Structure formats: C-alpha cells, structure tokens
Amino acid sequence: MNFDFSDDQKLLKETASNFLKEHAPLALCRAVLESDDSYSAELWKKAAQLGWQATAIPEEYGGYGFGQLELAVIAEEVGYALAPIPFASSVCFATDAIVLAGSDEQKKRLLPKLASGDSIATFALTESPGQNGGEKSKTKLDGDSITGTKLPVLDGDVADVVVVLADCGAGPTLALVELDASGVERTKLECIDPSRSVARLDFTNTPAEALGKPGEGGRLAETLLDRAAVLMAFEQVGAATRALEITKQYTMERYAFGRPIASFQSLKHRMADRYCDIEIARSNSYYGAWALENNDRELAVSACLARVAASEAFDQMGVDMIQLHGGVGFTWEFDCHLFYRRSKLLSSALGSTASWKRKLIRRVSGQEAA
Amino acid sequence: MDFNDTPEEAAFRSDCRAWLEANAKPKSDHSSAGDGMGAHLDTDAVEASKAWQKKKADAGWACLRWPKEYGGRGATSIQNVIWGQEQAKFDTPADVFGITHGMCGPTVMTHGTDEQKEKWIPGMLTGENVWCQLFSEPAAGSDLAGLRSTAVRDGDDWIINGQKIWTTGAQWADWGILVVRSDPNAPKHKGLTYFVVDMHAAGIEVRPIHQINGGREFNEVFFSDVRIPDANRLDEIGNGWMVSLTTLMNERASIGAGGGASAISELIDLAKRIEIDGKPAIEQSAVQERLADFLVKARGLRYTGLRTLTALSQGKTPGPEASLGKLVGAVLGQDMAAFGMELQGMCGGVNDPGLGIDGSTWQSRYLGFPGLRIAGGTDEVLRNIISERVLGLPPEIRVDKNVPFKDIPSGN
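Thresholds applied
Residues numbered from 1 in each chain as written. Chains lettered and ligands numbered in written order. Predicted model: local features only at pLDDT ≥ 70, side-chain atom pairs only at ≥ 80, totals over all residues. Helix = DSSP H or I, 4+ residues; strand = E, 2+ residues; numbered from the N terminus. Rg over C-alpha atoms; globule rule 2.2 N^0.38 Å. Contact = placed C-beta atoms within 7 Å. Buried ≥ 20, exposed ≤ 12 C-beta atoms within 10 Å, placed from the backbone. Domains from an automatic or database assignment. Nonpolar A, V, L, I, M, F, W, Y, C, P; charged D, E, K, R; others polar. Expected span 1.5 Å × (residues − 1). Axes fitted to C-alpha atoms, helices over the stretch in contact; angles between N-to-C directions. Parallel < 35°, antiparallel > 145°, perpendicular 65-115°, else oblique. Core = buried A, V, L, I, M, F, W, Y, C linked by C-beta atoms within 7 Å. Pairing = 2+ DSSP bridges. pLDDT = per-residue confidence, 0-100.

Draft legend 1. Geometry of the overall build of chain A. Within chain A, the regular secondary structure consists of 11 helices and 10 strands. Whereas a compact globule of 370 residues would reach a radius of gyration of roughly 21 Å, chain A reaches 20 Å, a difference of no more than 12%. Projected onto the principal axes, the alpha-carbon positions of chain A cover approximately 70 × 45 × 40 Å. Residue pairs in contact within chain A that sit at least 24 positions apart in sequence constitute 74% of those at least 6 positions apart.

Draft legend 2. Quick peek at the overall build of chain B. For chain B, the count of helices and strands is 11 helices and 12 strands. Taken over the C-alpha trace, chain B has a radius of gyration of 22 Å; the compact-globule value for 412 residues is 22 Å, and the two agree within 12%. C-alpha extents for chain B along the principal axes are approximately 75 × 50 × 45 Å. Evaluated residue by residue, chain B yields a buried proportion of 41% over its 412 residues.

Draft legend 3. Quick look at the domain arrangement of chain B. Residues and elements named next belong to chain B. As far as domains go, chain B holds domain 1 (7–96), domain 2 (132–238) and domain 3 (259–377). Computed from C-alpha atoms alone, the centre-to-centre distance between domain 1 and domain 2 is 30 Å. In this complex, domain 1 contributes 6 residues to the contact, which on the side of domain 2 involves 5 residues. Residues of the side of domain 1 that touches domain 2, tallied by class, amount to 4 nonpolar, 1 polar and 1 charged.

Draft legend 4. Up close: the environment of Y275 of chain A. Mapped onto the elements, Y275 of chain A comes out in helix 8 (residues 265–293). Taking the number of C-beta atoms within 10 Å as the measure of exposure, Y275 of chain A has 23 and is therefore buried. Each C-alpha atom, one on Y275 of chain A and one on A313 of chain A, is 8.8 Å from the other, the two residues being 38 residues apart in sequence. Aside from chain neighbours lying at most four places away, what touches Y275 of chain A is L244 of chain A together with I386, V390 and L391 of chain B.

Draft legend 5. Structural detail: the interface of chain A and chain B. Opposite the 37 residues of chain A that make contact, chain B presents 37 residues. Listing elements by their share of the side of chain A that touches chain B, those giving two or more residues are helix 7 (217–253), strand 10 (259–260), helix 8, helix 9 (299–325) and helix 11 (353–364) of chain A. No other element matches the 15 residues that helix 8 of chain A contributes to the side of chain A that touches chain B. Considering only residue class, the side of chain A that touches chain B consists of 21 nonpolar, 7 polar and 9 charged.

Draft legend 6. Seen up close, helix 11 (residues 379–390) of chain B. Residue and element names in this part refer to chain B. For helix 11, with 12 residues, the first-to-last C-alpha span of 15 Å sits near the 16 Å given by 1.5 Å per residue. Looking at helix 11, one finds that the buried residues are L382, R383, N384, I385, I386 and S387. One or two steps after helix 11, the chain reaches G392, where phi turns positive at roughly 75 degrees.

Draft legend 7. A look at the packing of helix 9 of chain A against helix 8 (residues 285–313) of chain B. At a minimum axis separation of 10 Å, helix 9 of chain A and helix 8 of chain B run at an interaxial angle of 100 degrees. Here helix 8 of chain B runs roughly perpendicular to helix 9 of chain A, going by the angle between their axes. Of helix 8 of chain B, the residues touching helix 9 of chain A (which contributes L305, V308 and A309 of chain A) are A292, V296, R299 and G300 of chain B. When its residues are assigned to classes, the contact of helix 9 of chain A with helix 8 of chain B shows 5 nonpolar, 1 polar and 1 charged.

Draft legend 8. Layout of the nonpolar core. Residues V162 and A175 of chain A are the most contacted members of the largest nonpolar core, which totals 173 residues. With residues up to four places along the chain from it excluded, the contact list for A175 of chain A reads L141, I146, V164, A166, A208, E209, A210 and L211 of chain A. Among the nonpolar cores identified, the runner-up in size contains 49 residues, and A62, V108, I228 and L234 of chain B belong to it.

Draft legend 9. Quick look at the domain arrangement of chain A. Residues and elements named next belong to chain A. For chain A, the assigned domains are domain 1 (7–115), domain 2 (121–215) and domain 3 (218–364). Using C-alpha coordinates to define each centre, domain 1 is positioned 22 Å away from domain 2. Domain 1 puts 19 residues into the contact, and the matching count from domain 2 is 18 residues. For the side of domain 1 that touches domain 2, the leading source of residues is helix 5 (residues 87–101), giving 7 residues. Residue composition of the side of domain 1 that touches domain 2, by class: 13 nonpolar, 6 polar and no charged.

Draft legend 10. Quick look at helix 3 (residues 77–87) of chain B. Looking at helix 3 of chain B, one finds that the buried residues are V81, I82 and W83 of chain B. Taken together, the buried residues of helix 3 of chain B touch helix 1 (7–23) and helix 8 of chain B.

Draft legend 11. Seen up close, the packing of helix 3 of chain B against helix 8 of chain B. All names here are of chain B. Packing of helix 3 against helix 8 brings their axes to within 8 Å, and their N-to-C directions diverge by 140 degrees. With respect to helix 8, the axis of helix 3 lies oblique. Contact residues: helix 3 offers S77, I78 and V81, while helix 8 offers L309, L312 and S313. A class-by-class count of the residues in the contact of helix 3 with helix 8 yields 4 nonpolar, 2 polar and no charged.

Draft legend 12. Geometry of the pairing of strand 1 (residues 121–124) of chain A. Residue and element names in this part refer to chain A. Of the two faces of strand 1, the one lined by A121 and F123 and the one lined by T122 and A124 are each fully buried. Note: strand 1 against strand 4 (residues 161–167), 4 bridges, orientation parallel. Considered in strand 4, the bridge of A121 is made with V161.

Draft legend 13. Expanded view of unusual backbone geometry. Residue L151 of chain A is joined to P152 of chain A through a cis peptide bond whose omega torsion reads -10 degrees. With respect to the secondary-structure elements, P152 of chain A resides in strand 3 (residues 145–154). Despite not being glycine, C63 of chain B shows a phi value in the positive range, around 45 degrees. Within the secondary structure layout, C63 of chain B lies in the loop between helix 2 (43–58) and helix 3. Even without glycine at this site, W166 of chain B takes up a positive phi of about 65 degrees. Topologically, W166 of chain B is positioned in the loop between strand 5 (157–165) and strand 6 (175–181). For W166 of chain B, a count of 22 C-beta atoms within 10 Å puts it in the buried group.

Draft legend 14. Geometry of the confidence of the model for chain B. With 95% of its residues at a pLDDT of 70 or more, chain B shows a mean pLDDT of 91. In the model output, the complex is listed with pTM 0.94 alongside ipTM 0.97.

Draft legend 15. Spatial organisation of the environment of V184 of chain A. Residue and element names in this part refer to chain A. When you line up the elements, V184 lands in strand 6 (residues 184–189). On the basis of neighbour count, V184 is assigned to the partly exposed category, with 17 C-beta atoms found within 10 Å. Setting aside residues up to four positions removed in sequence, V184 forms contacts with L179, L201, F203 and T206.

Draft legend 16. The environment of Y250 of chain A, seen in detail. Along the polypeptide, Y250 of chain A turns up in helix 7. C-alpha separation for the pair Y250 of chain A and S343 of chain A, spaced 93 residues apart in sequence, amounts to 20 Å.

Written out as structure tokens, the structure is:
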C-alpha cells in the first residue's frame with residue numbers, strides 16, 4: 001500500500017511551488033485580469049524553460065516522457081498560484097489528445113512546438129449554452145476542411161492549434177485545426193475570469209485533418225475529458241487550499257467585538273467544513289491520478305469522483321472566502337474575487353458539476369459504458 | 001502509487017485468511033452495513049463475542065498491534081489493517097470489545113505502570129474482561145472537563161461519588177476507565193484524576209438507557225461511596241485530563257473508521273429496484289445527482305483512509321485530522337438513510353422488518369445515526385477540533401478556564 005506521490009514527484013512539486021512563489025504572485029494574476037492580455041506570455045515562457053509543457057510528451061517528440069502524476073503535482077501548484085497560463089487547455093487536454101491519438105506525422109509536426117512552449121493548443125467541444133461536451137456536433141468535417149461554430153473555447157483567442165469535435169458523416173470525429181489557416185474567425189469573449197480567456201471560433205471551409213479514427217471522436221473526447229478532469233481537480237484543490245489559507249489569515253487578523261473574528265464558531269465551523277471538502281476532494285483526486293497513471297478501468301468513475309468533489313470544494317471555498325472576509329471581500333482591491341472567478345471558470349470549463357454527477361451514477365450503475 | 005500488497009503483506013494476508021477460513025464462515029452477500037450505532041447486544045451476544053475473542057487470543061490473532069509480552073502479536077499498523085479487512089469478510093460475532101480494545105487498552109498501555117499493564121492488558125486480550133468508559137456526565141458531555149463526580153482520598157483508597165452517563169456496555173463490563181474530580185479548588189482541567197474501577201465493586205449501580213433506535217447499550221452509572229485503591233490510579237493525581245485526551249483520540253480514530261460510508265452500494269442498489277414515474281429511480285437525473293453527492297463523499301472517505309494508512313506505513317502518526325472521518329461519515333450515514341426512505345415514497349415510514357424494503361434497514365439507520373453524530377464528540381465539537389488543532393484557528397474564549405472549578409457558574 002502506497003497511496004502517495006513518490007519522492008521525485010514531491011520534489012517536482014516543491015520546485016514548481018518555489019518557482020511560482022517567485023514568478024507568479026497573485027499580483028501577476030491580477031495584472032492579467034486588469035489588462036487586455038489573455039494570459040501571461042512571460043510566465044508561460046519561464047514555465048517552458050522548466051519544461052512543464054514537455055512533461056508528458058514522449059522524448060522522441062521533444063518531451064521528457066514523464067507521466068500524468070508529474071502533471072498532477074504541477075497542476076496543483078498552478079492552481080495554488082492562480083497562475084494565468086493556458087496549462088489545463090494546452091498541456092492537460094490538447095497535448096494529451098495529440099499524444100494519445102495523433103499519427104506519427106502529426107506528433108512530429110506538432111509536439112515539439114508544444115513541448116517548447118512555442119505553440120499553444122486547446123480544445124473545442126461545445127457549440128451552445130447548456131452543452132457539456134458529449135452532444136452531437138453541428139460542425140462538419142468534410143475531408144480536409146471544417147465548417148461550423150465552436151463556443152466557448154478556453155484560450156481560443158491565443159491558441160495556435162485546436163482539437164475540434166466535429167461530425168464527419170461517419171459519426172463524431174476529432175479534428176485538428178491550425179488557427180493561422182484561412183477561414184478562421186476568432187472572437188474573444190468576456191470571461192467570468194479575465195485572468196484567463198474564452199473565445200468563439202467560426203470555421204468556414206477551414207483546412208483541417210482528422211485526429212484519431214473518424215467516427216470514434218465521441219469516445220475519444222470522453223476519455224480526454226476524463227483525463228483532463230483529474231488533472232484539473234488537482235488545480236482546483238490547489239486553488240481551494242490557497243483560498244482557505246488566505247481566509248484563515250485574514251480572519252485571524254481582523255478583530256470585531258474585541259476578538260479575532262476567526263474565534264467565532266460561525267466562522268471556525270465553516271472553515272472546518274471547507275477543510276473537509278478540500279480533503280475529500282484531494283483524496284478523490286489522488287485516486288483519479290492513480291487510475292490515470294495505471295490506465296485503469298477505474299478511470300471513468302474516478303474522474304467523475306475527482307471532478308465533482310474538486311469543483312464543489314473550490315466553488316464553495318470561493319463563495320465562503322468572500323463571505324468570511326465581509327465587506328472588503330466584495331472590493332476589487334482584495335484578492336477574493338480572483339478565486340471566486342477562477343472557481344467558476346474551472347467548474348464550467350469541462351462541463352457542469354451536475355453533468356458529471358449524472359455521468360458518475362450512469363457509469364457506476366452500468367447505464368453507460370465506463 | 002500502488003495499491004498492491006508488498007510480498008510480505010501478501011504473505012501476511014494469506015496467513016490471516018487461512019486461519020479465518022478454518023475458524024469462521026464467510027459473510028453472506030446480504031450482510032447489512034448496520035445502523036451506525038453497532039449491533040444490539042444481549043447476554044448471549046456478549047458470551048459469543050467473548051468466546052470468539054478467546055479463540056483468536058489462543059491462536060495469536062487478538063489485538064495484533066499490542067506487544068508480544070502481553071499476548072499481542074507486535075504487528076505493524078498495516079498488518080492490523082490487513083487483519084481487519086480479512087476478518088470483515090467473515091461472519092463473526094458482534095464485537096463487545098470495541099471500547100476495551102480501541103480505547104481502554106491503548107490508554108492503559110500509554111499511561112499505566114508495568115504492574116498495571118500486566119494486571120489488566122492480558123484479560124482484555126483474551127476476552128476474559130469487558131471494559132467500559134466512564135466519562136460523560138449529565139452536566140458534562142461536550143464540556144467533558146466540567147465533570148462533577150468526585151474522588152476524595154481516604155488512606156490508600158479513593159472514595160468516588162457521582163453519576164456517569166452514556167456508558168456503552170456498562171452492564172457487561174468488569175472494569176471501567178473513569179475520570180473524576182479530585183480537586184475542586186483547581187481550574188477545571190487541572191483538578192481531574194484518572195482511575196481504573198472494578199465494575200463489580202460495592203456502591204456501583206448500572207441502569208440501561210432506552211435509546212430511540214430501540215437498543216439499550218448505553219447506561220447511567222451511579223457511584224455511591226465506591227472505594228478504589230490508589231494502585232488503580234493511572235498517571236499522576238491531577239493529570240486526568242491529559243490521560244483522557246489519549247482515550248478520546250483513540251475513540252475518534254476507531255469511530256471514524258466505521259462511519260456511514262459503507263451503505264452507499266446498498267443505496268445505489270435500492271435506486272435500481274425502486275420505480276419512479278414508470279422507470280427505475282436510478283435513471284432519474286434528480287436521483288443520480290443526490291446519489292453522486294453521497295458516492296463522492298463515501299469514496300472520498302475511503303481514499304482518505306488509504307492516505308492515512310500510507311502515512312502509518314511511512315511511520316507517521318495520524319493526528320486530529322482523523323476527526324474528519326467521523327464528522328463527514330456520520331452526517332453522510334444519516335443523509336443516506338433519509339434518502340433511502342425518500343426513495344420508498346409512501347412506504348418511507350414503514351419500519352417493519354418483515355414488510356419494509358431491505359428489512360427496513362433505512363428506517364433503522366435513520367433512527368441510529370443521530371447517536372453517531374453525538375457519540376465520541378458531537379459534530380460541533382469535531383468542528384472545533386478541526387478548526388483549532390488542524391487549521392490553527394483561535395480557541396474558544398473560555399470564561400471558565402483559570403477559575404477554581406467550584407466558582408464556575410453551573411446554571412440549573
């Protein structure tokens with residue numbers, strides 16, 4: 001029995017933590033949020049120097065050939081720092097898609113640039129409000145061109161390559177589209193969390209190529225969502241942990257009625273409950289990471305468990321962070337809203353929490369292939 | 001990360017299984033997760049539990065972690081868990097020794113003299129003696145250190161007067177661990193002393209309490225001029241609070257390991273069998289979302305347990321974070337019981353083991369779990385422990401802390 005990360009993985013986590021402490025204070029997240037930038041290009045470059053984007057890319061394509069557990073420990077630190085970089089979209093979803101399903105030629109062409117951080121990739125599954133990623137796509141892949149609209153696309157305004165769920169006639173298919181091609185219109189949308197970005201992508205006879213087998217894109221997209229959900233759960237756990245630490249600190253320093261407000265049970269008990277949520281989410285995420293690394297049949301269920309627990313833990317921590325700060329929590333100057341915004345961006349980015357709950361029970365009860 | 005046994009662990013597991021197979025019957029598939037407050041016990045059940053304990057002790061499978069010199073096996077924490085996992089697969093008698101082994105034994109071993117350990121530990125291990133825990137009082141539950149039963153020194157003895165309550169199994173116990181006030185002039189936490197009391201001594205009266213789940217495992221215990229020799233005192237005079245903390249941490253760890261999480265698969269199974277609006281409840285999205293909430297918590301608790309085990313196997317000691325399992329698990333058990341009844345529609349209120357669905361197990365749990373949310377530290381006390389001892393938040397403002405106990409207001 002060893003339900004823990006290895007010493008090497010812990011060392012990697014500590015290195016990531018120290019790096020982000022130095023290069024990604026919350027002021028960086030705020031700076032991106034207050035600017036027109038969609039992410040911190042500087043932090044993305046520095047992260048590439050540490051090799052983060054190359055972590056799970058095989059060595060023959062310019063990566064380090066590590067596994068998903070290494071990505072998990074980095075994701076937790078990215079979350080803890082609220083790092084304003086397209087880590088989840090580019091590294092955890094789209095890069096993984098190409099590694100898992102790409103042809104050798106596609107890997108040779110795309111992965112080295114992703115490994116070096118010179119290129120950003122993302123994913124585009126949904127097309128309209130209410131969708132969670134598994135719906136039938138109206139976007140058509142016709143041979144080597146694609147036409148349709150994708151909404152929303154995380155980091156879609158800055159990505160170079162996008163993995164698109166489309167219909168090719170033979171059923172759902174994943175397609176690769178390079179966004180400097182003709183017939184691409186990108187529209188940056190207002191985002192609940194402006195330290196990150198979302199866009200709408202319109203394709204009109206845009207050059208595209210299939211990723212994986214035509215007709216198997218639905219199942220592949222499900223697997224990719226499961227895999228990304230586990231890594232994003234670590235990001236959410238990291239961010240929720242930081243939000244609880246900041247809230248603890250503030251409520252211990254803030255006095256009312258002659259005592260620190262953290263000494264009132266109404267506040268203490270709420271923080272104790274958030275601690276329990278976060279630990280339950282952390283444990284479920286560990287299990288997801290184990291399933292991910294071992295490519296186990298448990299992945300389909302464990303991804304739902306991690307996703308639901310982590311989304312709810314971070315969402316509720318975001319809500320309580322403002323409430324426990326009182327009035328100042330509602331001000332632009334305090335950092336509470338950075339967490340509040342990020343929590344909702346992440347809990348919607350891979351599909352709503354309720355959709356993952358339904359998926360979880362369909363999978364454990366055998367109503368849906370797991 | 002690796003869930004598999006090491007070769008040594010696998011060998012140990014197969015030793016456990018071999019002995020169990022030779023000495024017990026496998027559990028049937030229909031064994032229920034219980035109502036949260038343990039099985040209802042009677043004299044026959046106590047005798048069966050003692051006989052099973054003796055059988056294990058004779059073969060070297062009792063209290064595995066305890067030192068060999070007292071009859072234990074000197075096993076590691078992981079080995080102890082492996083034994084527990086294997087024993088749980090067999091149909092063994094309801095256990096009357098939970099408190100004896102989970103709380104009394106560890107406390108005596110931590111704070112007792114060599115002589116005391118030699119006197120009491122072997123009897124716990126062989127199943128000869130059942131122990132009980134005499135802590136709570138009518139006016140001292142969550143505020144345990146506010147207890148009022150007294151110990152007055154009389155030569156080589158102490159004379160005990162007062163009342164204890166919520167004492168599980170006192171009617172079957174041979175010995176009890178007892179914390180009482182030896183100095184009313186000292187502040188509340190400083191004036192307590194911890195004893196081991198012979199439950200057959202003159203002046204002790206045990207009255208079972210009729211609980212809302214129908215059981216009578218809890219008792220009131222009255223002390224009228226009960227004599228305890230000073231040789232039965234654990235640790236120093238006035239150090240009873242520190243000794244009590246040892247007992248309480250062991251209590252929460254052992255309750256936390258049970259909790260309500262195990263009923264989740266039964267609940268999912270129930271949702272498959274119940275029809276709502278002409279289709280199985282399990283296919284309704286509202287049902288799926290509620291079940292998911294329970295499953296996420298139940299699995300989260302299980303994996304938190306695995307993290308704790310990993311810490312144990314790395315030689316670390318689990319601390320106050322063990323309170324999480326009891327807090328989350330008890331609420332979860334009660335919520336799942338309520339939902340199990342909700343799924344039954346108008347039959348939710350039928351508590352007839354002959355007619356009710358699943359032997360009315362959901363109704364029994366609904367009546368049992370309020371007990372688990374209070375016993376061994378209420379939800380509210382556990383939240384204080386987590387916020388103060390895990391998160392480091394400021395302690396409660398104490399108006400009674402540095403005041404002589406006799407001057408503390410007591411209301412009515």
